[in-house]
Amino acid sequence: FPAVRPLPAADPPEPAGLFAAVPGVGLHEVVIECPHHESDPARLTDAAFAHVFRAYRERLAALSADPRVAAVTVFKNVGAEAGASLAHLHSQIVATPIVPDALRAELDGAAAYHRAVGRCVFCDVVTAETAAGVRVVAATPGFVAVTPFAGRFAYE
């Protein structure tokens, strides 16, 4: 069930006018995360997770190199309650010729923070969360996972 139709060879027309619209085009890929039928990500080994993250890195780099692509998003659904249509562990990668509004707002906010304080907001969050140690889920020298300070919903 692709989220977008394939990107045209040429750039899609620029939206203009009162009822501006952009066709739902892009690139949609599925990353199968292990060679055996598994539905619980907690059962994957650290090495298997490392392979998944390497696949993300390689696909993000390849898709970002396409001049028709403005944004690439990786997402994962686990279980039917989260919208997963396959029981086999998988992730999805969607590349689009536009930057989605939510991502644009986050990037604009990060730029405004940098203009105001002269530092990267993401670096400051990692530094503060690591120092506090309250919401840190996992940390290595090159990777930090934290739970949100203010989630959009309970237990996010």
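**Q** I'd like a rundown of the sheet that holds strand β4 (residues 90–96), residues and numbers included.
**A** Strands sit in the order β1-β2-β4-β3 across an open sheet of four strands; the sheet is mixed. The open sheet has two free edges, formed respectively by β1 (5–6) and β3 (71–75), since each of these has just one partner strand. As paired elements, β3 and β4 share five bridges and run antiparallel to each other. When the bridges of β4 are listed, Val74 appears paired with Ile93.

**Q** Tell me what's going on with the pattern of salt bridges, and back it up with residues and numbers.
**A** Following the criterion strictly, the structure yields eight salt bridges and no others. Linking Asp40 and Arg43 is a salt bridge whose minimum nitrogen-to-oxygen distance equals 3.7 Å. Overall, the relative accessible area of 29% leaves Asp40 in the partly exposed class. A salt bridge links Asp124 to Arg119; its shortest N-O distance comes to 2.9 Å. Bridged by salt links that share partners, the residues Glu38, Asp40 and Arg43 form one connected network.

Rules used throughout
- Residues numbered from 1 in each chain as written.
- Predicted model: local features only at pLDDT ≥ 70, side-chain atom pairs only at ≥ 80, totals over all residues.
- Heavy atoms only, no water.
- Pairing = 2+ DSSP bridges.
- Helix = DSSP H or I, 4+ residues; strand = E, 2+ residues; numbered from the N terminus.
- Salt bridge = Lys/Arg side-chain N within 4 Å of Asp/Glu carboxyl O.
- Buried < 20%, exposed > 50% of the residue type's maximum accessible area, 1.4 Å probe, protein only.

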